[in-house]
Amino acid sequence: MRFEIMRLDDVDGTPVDTTVVDAASVNRIVQQAAAVGQRLWIRPADTPAP
């Protein structure tokens, strides 16, 4: 499963940066964001139908 992770602006919460990663990478990204106090929005990424 893939997830879309949006880094949010500290002031108004608007998305600043977006990336799509696999499930195995989510924990690492969350840990890095927590270490520096970044706000994230994580949701399942749209995947094309097979």
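For the structure, see preceding data.
All values derive from a computational prediction rather than experimental measurement.

Visitor: Describe the sheet that holds strand β1 (residues 2–8), and please don't skip the residues or the numbers.
Guide: Strand order in this open sheet of 3 strands is β2-β1-β3, and the pairing throughout is antiparallel. Each edge of the sheet is formed by a strand with only one pairing partner; in this case those strands are β2 (15–22) and β3 (39–44). Pairs of neighbouring strands in the sheet enclose a mean axial angle of 20°, with direction left out of account. Pairing geometry for β1 and β2, over 7 bridges, is antiparallel. Looking across to β2, one finds that Phe3 is bridged to Val21. The sheet strands contacting helix α1 (residues 23–36) are β1, β2 and β3, and the helix crosses β2 at an angle near 145°.

Visitor: Just give me the short version of the pattern of salt bridges, but keep the residues and values in it.
Guide: Between side chains of opposite charge, pairing is possible as soon as their charged atoms come close. Within this structure, the stated rule accounts for 2 salt bridges. Arg43 is the partner of Glu4 in a salt bridge, and the nearest nitrogen-oxygen pair spans 2.7 Å. Of this pair, Glu4 sits in strand β1 while Arg43 is found in strand β3, placing the two residues 39 residues apart along the sequence. Assessed through its relative accessible area of 16%, Glu4 is described here as buried.

Visitor: Break down the pairing of β1 for me, with residues and values.
Guide: β1 sits mainly inside the fold: 5 of its 7 residues count as buried. Connecting β1 to the next strand, β2, in antiparallel fashion are 6 residues, including Gly13 with a positive phi near 75°. Relative to β3, β1 runs antiparallel, the two being bridged by 6 bridges. Residue pairing in the sheet places Glu4 in a bridge with Arg43 of β3.

Visitor: Would you mind going over α1 in detail, with residue names and values included?
Guide: When we look at burial in α1, the residues that qualify are Ser25, Val26, Ile29 and Ala33. Seen from one end, α1 has its buried residues packed into an arc of 110°, which puts them on one side. α1 presents Ala24, Asn27, Ala34 and Ala35 as exposed residues on the side facing more than 90 degrees away from its buried surface. Buried residues along α1 sit in contact with β1, β2 and β3. Directly beyond the C-terminal end of α1, a positive phi value near 80° is found at Gly37.

Conventions adopted
Residues numbered from 1 in each chain as written. Predicted model: local features only at pLDDT ≥ 70, side-chain atom pairs only at ≥ 80, totals over all residues. Heavy atoms only, no water. Pairing = 2+ DSSP bridges. Helix = DSSP H or I, 4+ residues; strand = E, 2+ residues; numbered from the N terminus. Axes fitted to C-alpha atoms, helices over the stretch in contact; angles between N-to-C directions. Contact = heavy atoms within 4.5 Å. Salt bridge = Lys/Arg side-chain N within 4 Å of Asp/Glu carboxyl O. Buried < 20%, exposed > 50% of the residue type's maximum accessible area, 1.4 Å probe, protein only. Arc of directions from axis to C-beta.

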